[in-house]
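A closer look at the structure
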Amino acid sequence: MTAVLAAAIFVITLVPATASAEEVPWPSGPEASAESAIVMEANTGTVLYEKDADTQRYPASITKILTTLLALENSSLDEVVTFSEDAVYKNEGDSSHIARDIGEEMTMEQCLYAVMLESANECAYAVAEHVGGGDYQTFIDMMNEKAAELGCTNTNFTNANGLPDEDHVTTCRDMALIAQAAIQNNTFRQIIGTTSYTIPPTNKHDEETPLNNHHRMISSYKGTQYLYEYCLGGKTGYTVAAGNTLVTYAEKDGMLLICVVMKTTSHYDDTISLFDYCFENYSMYNVSESETRYEDSSSGSSTLFGESEAFAVLDSEAEIILPVGADFSDTEVEVSYDNVSDSVLGTLVYSYGGKQVGTADVVATGASGVLYEFGEAAASADSVTESDSSGESKEELSASAEGETVTDGTSSGGIGAVLSGLKDKLPGNYLIVKIIVIAAAVVAALFLIREIRYRIRRSRRRKQSRDRRYKVIKNNRKWNRRGGR
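Here is what the cut-offs are and how they apply
- Residues numbered from 1 in each chain as written.
- Predicted model: local features only at pLDDT ≥ 70, side-chain atom pairs only at ≥ 80, totals over all residues.
- Heavy atoms only, no water.
- pLDDT = per-residue confidence, 0-100.
- Contact = heavy atoms within 4.5 Å.
- Helix = DSSP H or I, 4+ residues; strand = E, 2+ residues; numbered from the N terminus.
- Buried < 20%, exposed > 50% of the residue type's maximum accessible area, 1.4 Å probe, protein only.
- Phe/Tyr/Trp six-rings, centres within 6.5 Å; stacked < 30°, edge-to-face > 60°.
- Polar contact = N/O pair within 3.5 Å; in protein donor to acceptor, adjacent residues only side chain to side chain.
- Pairing = 2+ DSSP bridges.
- Axes fitted to C-alpha atoms, helices over the stretch in contact; angles between N-to-C directions.
- Salt bridge = Lys/Arg side-chain N within 4 Å of Asp/Glu carboxyl O.
- Expected span 1.5 Å × (residues − 1).
- Parallel < 35°, antiparallel > 145°, perpendicular 65-115°, else oblique.
- Nonpolar A, V, L, I, M, F, W, Y, C, P; charged D, E, K, R; others polar.

**Considerations on the confidence of the model for the protein chain**
- Scored by pLDDT, the protein chain comes out at a mean of 81, with 70% of its residues at no less than 70.
- In the predicted structure, residues 1–21 sits below a pLDDT of 50 and forms 55 contacts with residues beyond four places in sequence or in another chain.

Here is the structure:
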């Protein structure tokens, strides 16, 4: 009932202010030399720059970002990975590797550092086999499933390392979505930010194996020309067919940027130029600190946000991004109920100049509502009606009408509190207001029902997918124990 009540409040109270007639235009940005490029702000998902971002291209080794993310999500860092004959030999001889041998054993952590720092192809293959339960193709299927789950629409992966294959393609936009998901993983962030790492002796190597980060914006391993103060790390890539590809993260003043460039010979110059442009021309705004359009300073107990007895509050960490010089009040806002839950009553979706710039969840506080008197005549009429229908005593009805405090999760108290608050705040016929509140509550309830049904169906589909995958893994493990490779 709490969610329905708050949703009803949204429908009636959230009337966004009209945007200013003189909005600051979106900056045009520099001209990157890369054939495809994109810059996304990771916290909001807002694209700040793009050039031919939806054309399919060969990714080369930036593929390994998804390989690493999947491994982190589906294994533990201390698991032992054993290198098969395929892992060692099913890679091009002159491609990136750290010379592992058949039967060599390394931890998953050591493998992932080798994958991301040295771009070791045999390690990427071994990781894929391990996570796939011994079946390489199972992992490739997992990669494509994950890409689709993240919203990628022009991606098809055929291997875990990015070696040349005509069917192994993606786009700058899709890679930005994959990179956005990866940076949310703290271990991934730690790996890409490491400049050097040492693998201790293994069962096949008596000496340590040093690893160095090849991304020149964070590591001086190959020189200091492109070191960038705000760089968090990333992943390099190159094949003759793909040209240079590069994914890079940078953070400054609360703005976390992802830059993807593909098919270029000036990958570092392009990336630095695009980062500088974005940091200079955009600013972040905390929504809970900036949003004042939906508060009612005239009332201390019935406002939606901002007061001590508010029904709901905005997520304190939610942010949006705007061009420098733009005003927060110039944004347009819509209310979305796509992610409603017990605690999230809805989501404010912000846009500026026709582009979405961020979102903010509206979170229930659990505050109680006060049942105000509607006036002597209204109270009398309500008492007669309720007495006729339910047989409640006059004493009970009188106590309720005199301002007894009830939780907003209670059917009569919650709706009554909203209606009484709206009576003084909204002009016009009170009967019309009452009808609007009830209609809004019904609409919100339908949204909740739809969300519940959607979650149930999604849960079933995921379970079926997991069951199929685990069955394949189980069968492969049985086959391996019988002597299969």
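**A few points about unusual backbone geometry**
- One non-glycine residue, Asp52, lies in the positive phi region at around 50°.
- Structurally, the position occupied by Asp52 is in the loop between β2 (46–51) and α2 (64–74).
- Given the relative accessible area of 40%, Asp52 is considered partly exposed.
- For Ser119, which is not glycine, the phi torsion reads 55° and is therefore positive.
- Note that Ser119 resides in the loop between α4 (108–117) and α5 (121–131).

**Side note on the packing of aromatic side chains**
- Summed over the entire model, instances satisfying the criterion amount to 14 aromatic pairs.
- On the basis of an interplanar angle of 75° and a centroid distance of 6.4 Å, the ring pair of Tyr49 and Tyr277 is categorised as edge-to-face. Residue Tyr49 is found in strand β2, and its partner Tyr277 is found in helix α9 (residues 267–281); the two are separated by 228 residues along the sequence. Taken as a pair, Tyr49 and Tyr277 share a single burial class, namely buried.
- Geometrically, the ring pair formed by Tyr285 and Phe328 is tilted, given 6.2 Å between the ring centres and 50° between the ring planes. Taken together, the positions of Tyr285 in strand β10 (residues 282–286) and Phe328 in the loop between β12 (319–323) and β13 (332–336) put the pair 43 residues apart, joining distant regions of the chain.

**Observations regarding the side chain of Ser219**
- Following the sequence through the fold, Ser219 ends up in the loop between β6 (209–212) and β7 (231–239).
- Since its relative accessible area comes to 4%, Ser219 is described here as buried.
- In terms of polar contacts, Ser219 uses its side chain to reach the backbone amide nitrogen of Tyr221, at 3.1 Å.
- If near-sequence neighbours (up to four positions away) are discounted, Ser219 is found in contact with Thr195, Asn213 and Leu227.

**Observations regarding the sheet that holds strand β8 (residues 243–252)**
- Pairing in this open sheet of five strands is antiparallel, and the strands run β2-β1-β9-β8-β7 from one edge to the other. Each end of this open sheet is capped by a strand with a single partner; those strands are β2 and β7. Recorded for the sheet is a direction-independent mean angle of 10° between the axes of neighbouring strands.
- Where β7 meets β8, eight bridges bridge the pair, whose relative direction is antiparallel. Bridge assignment links Thr239 to a residue of β8, and that residue is Gly243.
- Packing of helix α7 (residues 172–183) onto the sheet brings it into contact with β1 (36–41), β2, β8 and β9 (255–264), and relative to β9 it is tilted by some 140°.

**A closer look at the side chain of Ser95**
- The topology assignment puts Ser95 in the loop between α3 (85–89) and β4 (105–107).
- The class of Ser95 is buried, set by a relative accessible area of 15%.
- Reaching out from Ser95, the side chain makes a polar contact with the side chain of Asn121 at a distance of 3.0 Å.
- If we ignore the near neighbours within four places in the chain, the residues touching Ser95 are Asn121 and Leu163.

**Description of the pattern of salt bridges**
- For the structure on display, the rule yields nine salt bridges.
- The salt bridge involving Glu31 is made with Lys51; its shortest N-O contact spans 3.2 Å. Within this pair, whereas Glu31 is found in the loop between α1 (2–13) and β1, its partner Lys51 is found in strand β2, the two being separated by 20 residues in sequence.
- Under the relative-accessibility criterion, Glu31 is labelled exposed at 65%.
- Lys51 sits in the partly exposed class, given a relative accessible area of 22%.
- A salt bridge links Glu149 to Lys146, with the shortest nitrogen-to-oxygen separation between them at 3.7 Å.

**Regarding the environment of Leu150**
- With respect to the element layout, Leu150 can be found in the loop between α6 (136–149) and α7.
- For Leu150, a relative accessible area of 22% gives the class partly exposed.
- Spatially, the C-alpha atoms of Leu150 and Gln180 are 9.3 Å apart, while their sequence positions differ by 30 residues.
- Excluding its chain neighbours within four sequence positions, the residues that come into contact with Leu150 are Leu177, Ile178 and Ala181.

**Considerations on α7**
- Across its twelve residues, α7 extends 16 Å between first and last C-alpha, which sits within 8% of the 16 Å expected from 1.5 Å per residue.
- Of all twelve residues in α7, eleven are buried, a share of seventy percent or more.
- Inspection of α7 places Cys172, Asp174, Met175, Ala176, Leu177, Ile178, Ala179, Gln180, Ala181, Ala182 and Ile183 among the buried residues, and these make up the whole buried set.
- Contact partners of the buried residues in α7: β1, α2, α8 (186–192), β8 and β9.

**Considerations on the pairing of β10**
- Here β10 shows a buried face lined by Tyr282, Met284 and Asn286 and an unburied face lined by Ser283 and Tyr285.
- Note: β10 against β12, five bridges, orientation antiparallel. Opposite Met284, over in β12, you have Ile321 as the bridge partner.

**Focus: α2**
- In terms of burial, α2 is largely enclosed, as nine of its eleven residues are buried.
- Listed as buried for α2 are Lys64, Ile65, Leu66, Thr67, Thr68, Leu69, Leu70, Ala71 and Leu72.

**Details of the packing of α5 against α6**
- One can describe the packing of α5 onto α6 by two numbers: an axis separation of 7 Å at closest approach and a directional angle of 90°. Taken together, the axis directions place α5 and α6 in an arrangement best described as roughly perpendicular. Taking contact as the criterion, the partners of Tyr125, Ala128, Glu129 and Val131 in α5 are, on α6, Tyr136, Phe139 and Met142.
- Residues that form the contact of α5 with α6 fall into these classes: six nonpolar, no polar and one charged.

**Observations concerning the pairing of β2**
- Of the pairings in the sheet, the one linking β1 to β2 comprises five bridges and is antiparallel in character. Residue pairing across strands places Ala37 opposite Lys51, the latter belonging to β2.
- The turn linking β1 back onto β2 is made up of four residues, and Gly45 within it adopts a positive phi angle of 80°.

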